[in-house]
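Secondary and tertiary structure notes
As a plain string of letters, each chain reads:
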Amino acid sequence: MKHVLITGANKGIGFEVAKQMAQLGYHVYLGCRDEQNGAAAINQLKSEGLSNIEFLKIDVSDLHSVQQAAASIPSLDILINNAAISGKQPQNISACDIEEVKRIFNTNYFGVIQTTQAFLPLLKKAALPVIVNVSSELGSLTMQTSKDRYSNWDNYHVYGATKIALNTFTISLSQELRNFKINSVTPGYTATDLNNFAGLKTAAQGAEPIVQLATIGEDGPTGQFFRQEGELPW
Ligand code: NAP
């Protein structure tokens, strides 16, 4: 049975990814920074008949927590870097608080790097190691400069910058680790806490393209950026 870790899986899209991966028969490590929230999520999934799920305490912005989490599991085939924050709004780049900029980068970018580095020794032992970085349309420079870009864009300039940085991480890591499958994927605009439930998709729908990328085989892509409908421009 393959093992998958989803960070930030106690709610929202991450929770639905955990559920769908468990339904597909994977052994799921449900990553969560808060034990009570993690236990509530596990109980909910168990009440739906899913037993192949384990809580893993992990705060991606805390190196010690990340290293403890990596030391506490025996194997890992798939890492889904899902945890993120959107930050305080608006985010007009001429005036936003630099401490807030650092806080958002600390989770969405530095958090992903340190989490990935900590789990690489386990992933390297997998037959087909897979990493999925959960990005956003706002992580696409092409989309940021498109006239059809998200109408609420002023609220998300810093968040968008973290996802662009995340996408460069996908590119660099996939070029370095040639036997891995490493991709970025956006769930699309989804109703979750991240956007005060303004999104148009359900969390289960948002989870679908992530699960698709997490379950690719030897012939699957690497070093690319996807949404539900197909490839996205960087
Ligand atoms: P969400 O409901 O706010 O869930 C975010 C999850 O990340 C929560 O479980 C949260 O835990 C966790 N988290 C935040 N900081 C963390 C940390 N330092 N360590 C560990 N976990 C942490 O948001 P969501 O919409 O499901 O977001 C999931 C992913 O989809 C994110 O990467 C987001 O950028 C991306 N995305 C979302 C949308 C959308 O429209 N919703 C669109 C594009 C991309 P707590 O409960 O403890 O806060």
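See the structure printed just above.
Below, the structure is looked at part by part.

Let's shift gears to the pattern of salt bridges. For the structure on display, the rule yields 5 salt bridges. We note a salt bridge from Glu 48 to Lys 19, for which the minimum N-O separation is 2.9 Å. On the criterion of sequence distance, the pair formed by Glu 48 in the loop between α2 (35–47) and β3 (53–57) and Lys 19 in helix α1 (residues 12–23) is long-range, its members being 29 residues apart. Arg 103 is the salt-bridge partner of Glu 100, the closest N and O atoms lying 2.8 Å from each other. One end of the pair is Glu 100 and the other is Arg 103, both in helix α4 (residues 98–123) and 3 residues apart, which spans about a single turn. With a relative accessible area of 9%, Glu 100 lands in the buried category. Under the relative-accessibility criterion, Arg 103 is labelled partly exposed at 41%.

What follows covers the site of the ligand. Every one of the 29 residues lining the ligand counts as a neighbour, but Asn 10, Arg 33, Asn 82, Tyr 159 and Thr 192 are closest to it. One of the backbone N or O atoms of Gly 8 is found 3.1 Å from an oxygen atom in the ligand. Within the contact set of the ligand, an oxygen atom lies 2.8 Å away from a backbone nitrogen or oxygen of Thr 190. For the ligand, the accessible surface in isolation is 900 Å², of which the surrounding protein chains cover 93%. Judged by the fraction of its atoms near the pocket grid, the ligand is located in the largest pocket. Of all elements in the fold, only α1 and α6 (157–176) reach the threshold of two or more residues within the shell around the ligand. Taken together, the residues that form the shell around the ligand break down as 11 nonpolar, 13 polar and 5 charged.

Looking now at unusual backbone geometry. The phi torsion of most residues other than glycine is negative, and most of the peptide bonds are trans. Note the cis peptide between Gln 89 and Pro 90, where omega equals 0 degrees. By the element assignment, Pro 90 lies in the loop between β4 (78–81) and α4. Of note, Asn 196 is a non-glycine position whose phi angle comes to about 55 degrees, a positive value. By the secondary structure assignment, Asn 196 is in the loop between β6 (181–185) and α7 (203–214). Its relative accessible area of 68% is what places Asn 196 among the exposed residues. Positioned with a positive phi, Phe 197 is a non-glycine residue whose angle comes to about 60 degrees. Inspection of the secondary structure assignment puts Phe 197 in the loop between β6 and α7.

A volume near 1,200 Å³ is recorded for the largest pocket. In terms of lining residues, the largest pocket is bounded by 46 residues, among which Ala 84, Ile 85, Tyr 159, Thr 192 and Leu 194 are the most central. Of all the elements in the fold, those that place two or more residues in the lining of the largest pocket are α1, α5 (141–144) and α6. Considering every element that reaches the lining of the largest pocket, the biggest residue donor is α1, with 3 residues. Split into classes, the residues belonging to the lining of the largest pocket amount to 16 nonpolar, 21 polar and 9 charged.

The topology assignment puts Ser 61 in the loop between β3 and α3 (63–71). Sequence separation between Ser 61 and Asn 106 is 45 residues; the distance between their C-alpha atoms is 5.9 Å. The contact partners of Ser 61, leaving out residues within four places of it in the chain, are Asn 106, Thr 107 and Gln 114. At a separation of 2.7 Å, a polar atom in the side chain of Ser 61 contacts the side chain of Asp 59.

The next thing to look at is the side chain of Gln 91. Position of Gln 91 among the secondary structure elements: in the loop between β4 and α4. Separated by 2.8 Å, the side chain of Gln 91 and the backbone oxygen of Ser 86 make a polar contact. In terms of polar contacts, Gln 91 uses its side chain to reach the backbone amide nitrogen of Val 158, at 3.1 Å. Residue contacts for Gln 91: discarding those within four places in its chain leaves Ser 86, Ile 104, Asp 154, Asn 155, Tyr 156, His 157, Val 158 and Tyr 159.

Cut-offs and rules
Residues numbered from 1 in each chain as written. Predicted model: local features only at pLDDT ≥ 70, side-chain atom pairs only at ≥ 80, totals over all residues. Heavy atoms only, no water. Salt bridge = Lys/Arg side-chain N within 4 Å of Asp/Glu carboxyl O. Helix = DSSP H or I, 4+ residues; strand = E, 2+ residues; numbered from the N terminus. Buried < 20%, exposed > 50% of the residue type's maximum accessible area, 1.4 Å probe, protein only. Near = heavy atom within 4 Å. Polar contact = N/O pair within 3.5 Å; in protein donor to acceptor, adjacent residues only side chain to side chain. Areas by Shrake-Rupley, 256 points an atom, 1.4 Å probe, with all protein chains shown as cover. 1 Å grid on protein atoms, 1.4 Å probe; cavity = no way out; pocket = protein on both sides within 12 Å on 5 of 7 lines; lining within 4 Å. Sits in = over half its atoms within 2 Å of the grid points. Nonpolar A, V, L, I, M, F, W, Y, C, P; charged D, E, K, R; others polar. Points joined across faces, edges and corners; volume = space filled by probe spheres on them. Contact = heavy atoms within 4.5 Å.

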